[in-house]
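Results of the structural survey
For reference, the chains in residue letters:
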Amino acid sequence: MSEKVPNIHEKHRERMFSKYMSASSDSFPDHELLEILLFYSRPRVNTNDIAHNLINKFGSFPAVFEASVEDIAQVNGMGEKSAILVKLVFDIMRRYDLARTKKAENFVDKRAAGEYLASRFAYTVKEKLIILLLDSDCSMIDCKVVEEGTVNCVDTNFRKIINLICSANASSIYIAHNHPGGTAKPSDEDLAFTYELRELCRNIGVTVNDHFVVANGEYASVIDYMEKMRYESPGL
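This one's a predicted model, so the numbers in the text were calculated from it and none came from an experiment.

So, the packing of aromatic side chains
Tallied over the full model, the rule gives eight aromatic pairs. With a centroid separation of 5.4 Å and 85° between ring planes, the pair formed by phenylalanine 212 and tyrosine 219 is classed as edge-to-face. By relative accessible area, which is 2% here, phenylalanine 212 ends up buried. Taking the relative accessible area as the measure of exposure, tyrosine 219 reaches 29% and is therefore partly exposed. The rings of Phe17, Phe39 and Tyr40 are connected pair by pair, giving a single aromatic cluster.

Structure representation (structure tokens):
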């Protein structure tokens, strides 16, 4: 009978598990948390080296989780299954944060809507345009992604927004989009988009409560900015 090949990393992993159970995760350096996570996809490999490879490749701990499955899989020592595990943790974190912030189901208060929509962009590195659909009591009917990828308000498909409003039989809406790596200051395109959307929605009896620009965890009201600037219509 052939002898079982010993796992030379077994004792080290036992020590790491014991350390994790007896200490706060805040006391762990970033690479050690990644190292422990990868125990579950690489059972017989030195995952400490892989964890360092990941952080060196992407530049930071958060950037590892924000990278694509394809890019993560290419890092030395990873592969598709390990990359999927990393992205699964990222998606679970996002879903957890959304579940916690979904408690506010009534959005009469614009601040509550702004905070809720800003939370929808947590851990997001892609540009998105999101619509929050409300009934006559300002309670949420649904919250949907209108566009994802390269979002340009000038090229936004207004028909898609109107179709979403009509399908949900919404009485009012909030719109939000993000500026990844930028600021929450509305652009000229954001102002023109908001003006046109309000006009289109007014024609079908639907109110655009506000349009928020989100960046770096902060958000700004486009409509408040328009009123401050006394914005009247595109091109004027």
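Now that the structure has been shown, we can carry on.
A short note on the sheet that holds strand S2 (residues 140-149)
The strand order S2-S1-S3-S4-S5 describes an open sheet built from five strands, whose pairing is mixed. Bordering the open sheet on either side are S2 and strand S5 (218-221), each of which pairs with just one other strand. The average angle at which neighbouring strand axes cross in this sheet is 20°, direction not considered. In this sheet, strand S3 (residues 172-178) lies alongside strand S1 (residues 127-134) in antiparallel orientation, the contact comprising six bridges. What sits directly across from leucine 133, in S3, is isoleucine 173. Across the face of the sheet, helix H9 (residues 188-203) comes into contact with S3 and strand S4 (207-215) while running at roughly 155° to S4.

So, helix H3 (residues 47-58)
Taking 1.5 Å per residue as the helical rise, H3 with its 12 residues ought to reach 16 Å, and the 17 Å between its terminal C-alpha atoms agrees with that figure. Regarding H3, the residues found buried are Thr47, Asn48, Ile50, Ala51, Leu54 and Ile55. Take H3 and look down its axis: the buried residues cluster within an arc of 165°, on one side only. Residues of H3 that are exposed and point over 90 degrees away from its buried face: Asn56 and Lys57. Two to three positions downstream of the cap, the backbone nitrogen of asparagine 48 sits 3.0 Å from a side-chain oxygen, assigning the N-cap of H3 to asparagine 46. Once H3 finishes, glycine 59 follows within two positions and takes phi at roughly 95°, a positive value.

Points about the side chain of serine 172
Mapped onto the elements of the fold, serine 172 is located in strand S3. A distance of 3.1 Å separates polar atoms of two side chains, one belonging to serine 172 and the other to asparagine 209. Residues contacting serine 172, with those up to four places away along its chain left out, are Leu132, Leu133, Leu134, Asp135, Cys138, Val206, Thr207 and Asn209.

Regarding the packing of H9 against helix H10 (residues 222-229)
The contact between H9 and H10 brings their axes to 10 Å, and the two run at 100°. Judged on the interaxial angle alone, H10 and H9 are roughly perpendicular. Every residue of H10 that contacts H9 at Asp190, Leu191, Thr194, Tyr195 and Arg198 is listed here: Val222, Ile223, Tyr225 and Met226. Residue composition of the contact of H9 with H10, by class: six nonpolar, one polar and two charged.

A look at helix H8 (residues 158-168)
Listed as buried for H8 are Phe158, Ile161, Ile162, Leu164 and Ile165. Taken end-on, H8 shows its buried residues confined to a sector of 155°, consistent with a single buried face. Exposed positions of H8 whose direction lies more than 90 degrees from the buried face are Arg159 and Ser167. Turning to H8, the residues buried within the fold contact S1, S2, S3 and H9.

Focus on the environment of phenylalanine 107
Relative to the helices and strands, phenylalanine 107 resides in the loop between helix H6 (80-101) and helix H7 (110-119). Each C-alpha atom, one on phenylalanine 107 and one on leucine 134, is 8.0 Å from the other, the two residues being 27 residues apart in sequence. Setting aside anything within four residues of it in sequence, one finds phenylalanine 107 in contact with Ala112, Ala113, Tyr116, Leu132, Leu134, Cys138, Met140 and Tyr174.

Analysis parameters
- Residues numbered from 1 in each chain as written.
- Predicted model: local features only at pLDDT ≥ 70, side-chain atom pairs only at ≥ 80, totals over all residues.
- Heavy atoms only, no water.
- Phe/Tyr/Trp six-rings, centres within 6.5 Å; stacked < 30°, edge-to-face > 60°.
- Buried < 20%, exposed > 50% of the residue type's maximum accessible area, 1.4 Å probe, protein only.
- Pairing = 2+ DSSP bridges.
- Helix = DSSP H or I, 4+ residues; strand = E, 2+ residues; numbered from the N terminus.
- Axes fitted to C-alpha atoms, helices over the stretch in contact; angles between N-to-C directions.
- Contact = heavy atoms within 4.5 Å.
- Expected span 1.5 Å × (residues − 1).
- Arc of directions from axis to C-beta.
- Polar contact = N/O pair within 3.5 Å; in protein donor to acceptor, adjacent residues only side chain to side chain.
- Parallel < 35°, antiparallel > 145°, perpendicular 65-115°, else oblique.
- Nonpolar A, V, L, I, M, F, W, Y, C, P; charged D, E, K, R; others polar.

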